[in-house]
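Given next are the chains, with one letter for each unit.
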Amino acid sequence: MDQFNAAGIRPVAISVDPPEASRNLAQNEGYSLTFLSDSNIEVIRRYDLVHAGAGENGNDIARPAEFLVDRSGTVRWVNLTESYFDRARPEEVLEAAKSLK
Amino acid sequence: MNARRLNWPLWVGFLLTFASFLSYFFIFVWFPVTRDFPWANLLLFLIAAVLLFAGIRRGFAADRPHPTRSRIVSSIVGLLGLAVIGLSLFSLFVVARWLPPSTGAPQVGQRAPDFTLPDATGRSVSLSELLSQPVNGNPAKGVLLIFYRGHW
């Protein structure tokens, strides 16, 4: 987290979880990043990240994905993992962040 | 307890199958080296499988005090353990890769579609807002959007 702060990058976590669930998660785990709640799965759909029926009770949820967006709103780095377990590492993101102005 | 009576490889192997599956989620997932490729779990599964095979063999040995019971128990526990290993490997390597292709996702060089969503306190926040707010007292260089599965 501090590394991201120092690099001028704001991490934002997005899921279908309602705000209350994110609030609990942030409190229990001590996360200080911004959590956004896409309960209607609109943004996840716009980003083509819907994993249909993968949630509890067959709900649609987001597949894991990370995007680094620069100040102009342009995507500068993308990670679309091939496996749930294989996630982007902070070092990769920080490396990509170096090229941002 | 008479060492000959207790079929320890069978039971240790059986417990180890569960331990190796659960350890991934509780221990190894926190370290990138063991998370991206679960080699530590594969090793544990291998040891568990060897113990289960040894346990089944032992269960079928001629010197068991209760031959019939021993055969039935070792077959059931042994096969159950092997089934758990099979299912674990299936979920780690096959199910985890059942992800949508997301060919329409924004690519490098494209504009990230703007959006407005409620944050954890219920306040509406837009992407453009996030990009214009300072980070650490300096103008933000960028925003890292992390889409995750959530706890649903």
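Residues numbered from 1 in each chain as written. Chains lettered and ligands numbered in written order. Predicted model: local features only at pLDDT ≥ 70, side-chain atom pairs only at ≥ 80, totals over all residues. Heavy atoms only, no water.

On to the packing of aromatic side chains. This structure, assessed with the given rule, holds eight aromatic pairs over all chains. Measuring from ring centre to ring centre gives 5.8 Å for F67 of chain A and F147 of chain B, while their planes differ by 85°; the resulting arrangement is edge-to-face. Of this pair, F67 of chain A sits in strand β5 (residues 65–70) while F147 of chain B sits in strand β3 (residues 142–147), each in a different chain. Each member of the pair, F67 of chain A as well as F147 of chain B, carries the same accessibility label: buried. Taken together, the ring pairs connect Y47 and F67 of chain A together with F115 and F147 of chain B into an aromatic cluster. (Phe/Tyr/Trp six-rings, centres within 6.5 Å; stacked < 30°, edge-to-face > 60°. Helix = DSSP H or I, 4+ residues; strand = E, 2+ residues; numbered from the N terminus. Buried < 20%, exposed > 50% of the residue type's maximum accessible area, 1.4 Å probe, protein only.)

Our next topic: the environment of V135 of chain B. If you trace the backbone, V135 of chain B turns up in the loop between α5 (127–132) and β3. Exposure remark for V135 of chain B: the relative accessible area of 3% places this residue in the buried category. Not counting chain neighbours up to four residues away, the residues in contact with V135 of chain B comprise N5, G8, I9 and R10 of chain A together with A140 of chain B. (Contact = heavy atoms within 4.5 Å.)

A separate point is the packing of helix α3 (residues 39–59) of chain B against helix α4 (residues 67–93) of chain B. Residue and element names in this part refer to chain B. It is at 8 Å that the axes of α3 and α4 come closest, and there the two elements cross at 160°. Put simply, α3 runs roughly antiparallel to α4. Regarding α3 and α4, the two cross each other, and that crossing is left-handed. Looking at the contact of α3 with α4 residue by residue, the classes come out as 15 nonpolar, seven polar and one charged. (Axes fitted to C-alpha atoms, helices over the stretch in contact; angles between N-to-C directions. Parallel < 35°, antiparallel > 145°, perpendicular 65-115°, else oblique. Left-handed = near helix turned anticlockwise from the far one by under 90°. Nonpolar A, V, L, I, M, F, W, Y, C, P; charged D, E, K, R; others polar.)

This next bit is on the interface of chain B and chain A. Contacts between chain B and chain A engage 56 residues on the former and 66 residues on the latter. For the chain B and chain A pair, buried surface summed over both sides reaches about 5700 Å², with 59% attributable to carbon and sulfur atoms. The largest per-residue losses of area from chain B upon contact with chain A belong to F147, Y148 and R149 of chain B, which jointly make up 16% of the total buried on that side. Between chain B and chain A we count zero salt bridges in total. Across the contact surface, chain B and chain A share 32 residue pairs in polar contact (both at pLDDT 80 or more). Mapped onto the side of chain B that touches chain A, the elements with two or more residues apiece are α1 (8–26), α2 (32–36), α4, β1 (116–118), α5 and β3 of chain B. It is β3 of chain B that provides the largest number of residues to the side of chain B that touches chain A, a total of six residues. When its residues are assigned to classes, the side of chain B that touches chain A shows 34 nonpolar, 14 polar and eight charged. Strand direction decides the pairing type here: β5 of chain A and β3 of chain B, joined by six bridges, are antiparallel. Across the sheet, residue F67 of chain A finds its bridge partner in β3 of chain B, namely L145 of chain B. (Buried area = accessible area lost by both parts, 1.4 Å probe. Salt bridge = Lys/Arg side-chain N within 4 Å of Asp/Glu carboxyl O. Polar contact = N/O pair within 3.5 Å; in protein donor to acceptor, adjacent residues only side chain to side chain. Pairing = 2+ DSSP bridges.)

Let's shift gears to the domain arrangement of chain B. Domains assigned within chain B are domain 1 (8–98) and domain 2 (104–147). A separation of 45 Å is found between the C-alpha centroids of domain 1 of chain B and domain 2 of chain B. (Domains from an automatic or database assignment.)

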